[in-house]
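Each chain, letter by letter, is given below.
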Amino acid sequence: MGVPPLPTTKRRSAAATALVRSADRALARPRRRLAAAVAALVALVAVGAVTLLDLRAPEPRPADTAPGEFSAARAYEHVRVVAARTHVAGSPANDQVREHLVGVLRGLGLETEVQDTVAPEAGQLSGAAGGATLARVRNVVARLPGTDPTGKVFLVAHYDSVQVGPGGNDDAAGTSTILEVARALTAGPRPRNDVIFVLTDAEEACLCGAAAFASAHPLAADGGVVLNLEARGSTGPVIMFETSERNAALVDAFGRAAPHPVGTSFAVEIYRALPNDTDFTAFLDEAGFVGLNSAYIDGGAIYHTPLDTPAAMDRASLQHHGDNTLGLAREFGRVDLATLDAGHDATYFPVPGGLVRYPGWLVLPLALLALAGVVALGWLARRRGRVTTGRLAAGFGLALVPLVAAPVGATLLWAGITAARPGYAELLDPYRPTWYRLAVLALAAALLFTWYALTRRRIGPAALAVGALGWLALLGVLLAVLVPGGAYLVTLPALAGALAGLVALATRIDGPWPVVAVTLAGAVAVVVLLPTVVLLFPALGMAMGGVAALVAVLLGLAALPVVDLLHPQAGGQRGTVALQARRLGALPAAAATLAAVVFAGVGLGVDRFDAAHPVPTHLMYALDAGTGQARWLSHEAEPRPWTDGYVDGDPVSVADEFPAFGHERLLAGPAQAAGLPAPRLDVLADTTAGAERTLRLRLTPQRPARLAALHVDAGTATVLRAEVAGRSVPVEPREGRWGFGVVVHAPPAEGIEVTLTVAPKAGQVAFRAMDASDGLDALPGFRPRPPDVGVVGSHSSELLAVARTYPL
Ligand SMILES: [Zn+2]
């Protein structure tokens, strides 16, 4: 920016001077300009590299690390035991894992117990597809008493796995981290505050273990600080992605005590928009809990699949979990826990060497200051004759083009890649996503450079730069109001850009200061925005790569004056000079376009499905034991060839026969009936008082089941009150035939007692009893998957359901 138009003159007397000048500009100036461009780019690349290196997880430490420190090698020994097999809640393998945990914690001299109960899911989310959801849970709880406690610190992870995989990362990472942190804490001086280790059960099914602990365990009665540890992938830095409200003091402790603090207030906002939930939610649902939630999330292709094994774990991520958790446990073990409610949220984000944080009340003033700065810059640029009002308006309007084009382009690019490789549709992220991520970034750069090459000559670099900063500043004000934790992403680069522009206008145009100023502003944009670009890819997956592309374009727009240095001097060139200038101006755009094509191509070449990276498929089996009719079911939208052998036609709803599956439409196909029994439904008591009939029932699966469900036909009765295992559950009516439903995960072998008080509408009340188990591969007609065909990471994968109706 800040380049005056070339003086052009038609006066013959000045012709010689003009010739000399243009020669001077064509020869001497371009070289200086090139030097400035190279210097600025090298500086920004260096800042970017340092920023990215700082985000990396630390080196895993060996088994002989000092006892007071965290060793990934020691923790990994627990990972191997915990994730040796699939250990879904209620399974014998789950019992063995629990025994290991209890043994280790007792071995450390900690008071350790198992909380064994039937508990509803967090907040009694009766909106769940199948109805009210509960689980039989067995939480492992251990206590390290503090010397002079001001409260309690809870270290929380879930030890159960999903049904189809051993949970090598999810959540053997969190569980094993806590065991190794417990060892390190007991090896040193005791903390002032109580530290409670909570290894929860049935997180995968319904967060029921955490809900049981947080709502009912005596140690949870007064609340405290929760550090929840998760893994939604196999690698990458541990990101502190969720906090309780009014987090400033917590975040301050995180910045102070976590050796590698990676976290941004923007992630909290992103996370709220995602359908994920963790045990942390169950704690926040109860009064008195505050805390931080951390996970590593890259390598999401294996999430919830059979491939989530200990071998898949990046031990640097484990070390990252451990270093931060140990640091935070010591810090929260030391401070007065009564002081943790700061009364306000903080804005925070990682920078090389630490975590920047400032109070939430600064967000809006900063955003308004940035806007004022950009307005002042535009005003001054116009006064100095660098821009006109018309060009400023055009620059502002046109800056919207790349902001829209990049996300659209990234989405179309991924649609194209998924069309070429349909198996991607069922994956959170490809197995090797790096080339695709680079392709999205190159595409964003190509669109930005093309837009710039096309608009630069007509509108001028200064008007475009100010217009772009205008969008950043405006977006900053908008975010400050709507999504305050994310405002810093645009406010700070806008502020830095406005200041740089003012410096450029206030100093000699051919001196070094304008270039230094715009490079510094570009560096601010890189430090603030690059981590978000990089972390958004694994957070949202390639299907939403457009969001990362949008942030990348914001970064490009903030650094527009540096981009401009790549182009020849702006101004009224004529003839061959202008032609050359235009050709040179098209160079960055052409290079970025080529890069996007090459990266996407390399991605398709590198990330092929094979035995180690199988294409995910989803299959279930559902048998109506009453009619003897059986079906294969799949929730794949476009079935893979393997799945296509089981299902055909249009998706159907099976909510009438298998109400616990909810109303999602599934692909279906005929199957042979297996000789499997439906769960038994026994009447323990049946009394009628006036218009109300009360049935005490026992629902007993006749085979090892992951879950059992009971539904009541709304046409035969209205359920007025319901109790499951002595707990009352909500009776809000569900849509469809089965107006009331309850789903119990990990049902005990002796069955589960359900007491229902109903207003009958007919002589008999119709109950639908259903259970679901593993064992798909033992069914008649099941053909084993070829090596390059895998299982989708879904909670309904490989489910085998049996149901029947009992009129009572
Ligand atoms: Zn999980």
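Worth saying up front: this structure is predicted, and the values here are computed from it rather than measured.

Student: Would you mind going over the nonpolar core with me for this structure?
Tutor: Here is a general trend for soluble globular proteins: nonpolar side chains tend to be buried in one another's company. Counting residues in hydrophobic clusters, the biggest one holds 103 residues, and the most contacted among them are Trp-451, Tyr-488, Leu-529, Leu-557 and Leu-560. Of the residues forming this core, the biggest block, 16 residues, is contributed by helix α17 (residues 513-540). In this structure Trp-451 touches Leu-398, Ala-399, Val-401, Pro-402, Leu-464, Leu-557 and Leu-560, once residues within four positions along its chain are discounted. Core analysis: the second largest hydrophobic core is formed by 60 residues, Phe-70, Ala-157, Ala-184 and Phe-332 among them.

Student: Help me out: how do you make sense of empty space enclosed by the protein in this one?
Tutor: Gaps left between atoms show up when a probe the size of a water molecule is rolled over them. For the structure on display, the rule yields five cavities of 30 Å³ or more. Space inside the largest cavity adds up to approximately 90 Å³. Val-88, Ala-89, Asp-160, Gln-163, Ala-202, Glu-204, Ala-205, Arg-706, Leu-707, His-745 and Ala-746 together form the lining of the largest cavity. Per-class residue counts for the lining of the largest cavity are six nonpolar, two polar and three charged.

Student: Quick question: what am I supposed to make of the coordination of the zinc ion here?
Tutor: Think of it this way: four donors in a tetrahedron around the metal ideally sit 109.5 degrees apart, and six in an octahedron ideally sit 90 or 180 degrees apart. Around the zinc ion, the protein contributes the donor atoms Asp-170 (OD), Glu-204 (OE), Glu-204 (OE) and His-304 (NE2), which lie 1.9 to 2.6 Å from the metal centre. Metal-centred angles of 55 to 142 degrees between the four donor atoms at the zinc ion mark the site as irregular. When the donor residues of the zinc ion are listed from N- to C-terminus, their spacing reads D-x33-E-x99-H. Of this pair, Glu-204 sits in helix α5 (residues 203-206) while His-304 sits in the loop between β7 (289-298) and α10 (315-334), and the two are 100 residues apart along the sequence. With respect to class, Glu-204 is no different from His-304; both count as buried.

Student: Explain the packing of aromatic side chains to me, please; I cannot follow it from the model alone.
Tutor: Ring pairs (aromatic) are described by centroid distance and by the angle formed between their planes. This structure, assessed with the given rule, holds 22 aromatic pairs. Centre to centre, the rings of Phe-349 and Tyr-488 are 4.4 Å apart; their planes meet at 0 degrees, and the pair counts as stacked. Taken together, the residues Phe-349 in strand β8 (residues 346-351) and Tyr-488 in helix α16 (residues 488-506) connect sequence positions 139 residues apart. Here Tyr-488 falls in the buried class, since its relative accessible area comes to 1%. When the centroid spacing of 6.5 Å and the interplanar angle of 50 degrees are considered together, the rings of Trp-632 and Phe-782 count as tilted. Of the two residues, Trp-632 is situated in strand β12 (residues 629-634) and Phe-782 in the loop between β22 (766-773) and β23 (789-791); the sequence distance between them amounts to 150 residues. Three or more aromatic residues joined by ring pairs form one cluster here, namely Trp-414, Tyr-424, Tyr-431, Tyr-436 and Phe-609. One cation-aromatic arrangement involves Arg-768 over Phe-658; the distance from NZ or CZ to the ring centre is 5.9 Å. Directly above the aromatic system of Tyr-646 lies the positively charged group of Arg-783, at a separation of 4.6 Å from the ring centroid.

Student: Just to check I follow, could you spell out α16 for this structure?
Tutor: Between the first and last C-alpha of α16 there are 26 Å, a value that for 19 residues agrees with the 27 Å anticipated at 1.5 Å per step. Burial analysis of α16 places 15 of its 19 residues in the buried class, the great majority of the element.

Student: Explain the environment of Gly-541 here, please?
Tutor: Residue position: Gly-541 is located in the loop between α17 and α18 (545-558). Judged by its relative accessible area of 0%, Gly-541 is buried. Linking Gly-541 and Ala-301, residues 240 residues apart in sequence, is a C-alpha distance of 9.4 Å. Sequence-distant contacts of Gly-541, defined by excluding residues within four places in its chain, comprise Leu-428, Asp-429 and Leu-536.

Scoring rules and cut-offs
Residues numbered from 1 in each chain as written. Predicted model: local features only at pLDDT ≥ 70, side-chain atom pairs only at ≥ 80, totals over all residues. Heavy atoms only, no water. Core = buried A, V, L, I, M, F, W, Y, C linked by side-chain atoms within 4.5 Å. Buried < 20%, exposed > 50% of the residue type's maximum accessible area, 1.4 Å probe, protein only. Helix = DSSP H or I, 4+ residues; strand = E, 2+ residues; numbered from the N terminus. Contact = heavy atoms within 4.5 Å. 1 Å grid on protein atoms, 1.4 Å probe; cavity = no way out; pocket = protein on both sides within 12 Å on 5 of 7 lines; lining within 4 Å. Points joined across faces, edges and corners; volume = space filled by probe spheres on them. Nonpolar A, V, L, I, M, F, W, Y, C, P; charged D, E, K, R; others polar. Donors = N, O, S within 2.8 Å, 3.2 Å for Na, K, Ca; no water. Tetrahedral: all angles 85-135°; square planar, octahedral: opposite > 155°, others 65-115°. Phe/Tyr/Trp six-rings, centres within 6.5 Å; stacked < 30°, edge-to-face > 60°. Lys NZ or Arg CZ within 6 Å of the ring centre and 35° of its normal. Expected span 1.5 Å × (residues − 1).

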